[in-house]
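Listed here are the chains, written in short residue letters.
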Amino acid sequence: FKDLRVADVRDGMDWVGYHHYGTVDHSIRPLYRTRAIGIARTARYIPYEGPVPRCTGDEYTDWVKYYYSEVCYDPWVNDIKPGDFICIDVAGVDVGLIGSNKSRTCKKKGAVGFLSNGGGIRDTDEVIRQQIPVWCKFVSQGMDQARIRYIEKDVPIAIGGVAVYPGDIVVADGDGVVVVPRKVARDVAKYAKRENN
């Protein structure tokens, strides 16, 4: 898939009979004009059910430590391998799950980009300056606490009307995102290259 554009890959998907599958909804856009190609590494979060803590200040700091160790942690970060495209189902929640620190850590481990079906991104000035590719529905200000809960990793998830399985190929650029099922990836690449020439 090296050097292939989203449009080329979309053509390749058509050539193998996936006309109506793989294109992530157009509402999920790049944070800035860039491109990335990688292997899907998935994680799933759901809205936090509560209760919201009734404390502030230092007591809130203590609750946040509990929250990040028991409720909203990110074990998938430890599993990242070079070439991984991080695909996160945040259930459409307006939450900044990925910020400048976490995205930089993931990039150092070899992550090539991020895809989210909600906000999932904050600290956008720094993320852009660090040239970390992100495709999401909107930008979020809020931190994770009392907003979202980690559920599982390396499972099928849904983003923008497309099922994303661990190991699928994710191709993203200014035209959006297309997800290629691993089982047809070779044929899709073959026909996409033909169309590209």
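Below is a short write-up of the structure. On a predicted model such as this, the values are computed, not experimentally measured, just so you know.

## Notes on the packing of aromatic side chains
Inspection of the entire model under this criterion finds 10 aromatic pairs. A ring pair is formed by Y73 and Y150, whose centres lie 5.0 Å apart and whose planes are at 50°; its orientation type is tilted. Taken as a pair, Y73 in the loop between α2 (57-70) and β3 (84-89) and Y150 in strand β6 (residues 148-153) lie far apart in primary sequence, 77 residues in all. You can call Y73 partly exposed: its relative accessible area is 34%. Grouping aromatic residues by their ring pairs yields a cluster made of Y48, Y60, W63, Y66, Y67 and Y68.

## Observations regarding unusual backbone geometry
If a residue is not glycine, its phi is most likely negative; likewise, a peptide bond is most likely trans. Put simply, G50 and P51 share a cis peptide bond, and its omega is 5°. In this structure, A91 is a non-glycine residue whose phi angle is positive, near 60°. Relative to the helices and strands, A91 is located in the loop between β3 and α3 (100-109). Backbone geometry places D154, a non-glycine residue, at a positive phi of 55°. Examined against the element boundaries, D154 turns out to sit in the loop between β6 and β7 (157-159).

Calculation notes
- Residues numbered from 1 in each chain as written.
- Predicted model: local features only at pLDDT ≥ 70, side-chain atom pairs only at ≥ 80, totals over all residues.
- Heavy atoms only, no water.
- Phe/Tyr/Trp six-rings, centres within 6.5 Å; stacked < 30°, edge-to-face > 60°.
- Helix = DSSP H or I, 4+ residues; strand = E, 2+ residues; numbered from the N terminus.
- Buried < 20%, exposed > 50% of the residue type's maximum accessible area, 1.4 Å probe, protein only.

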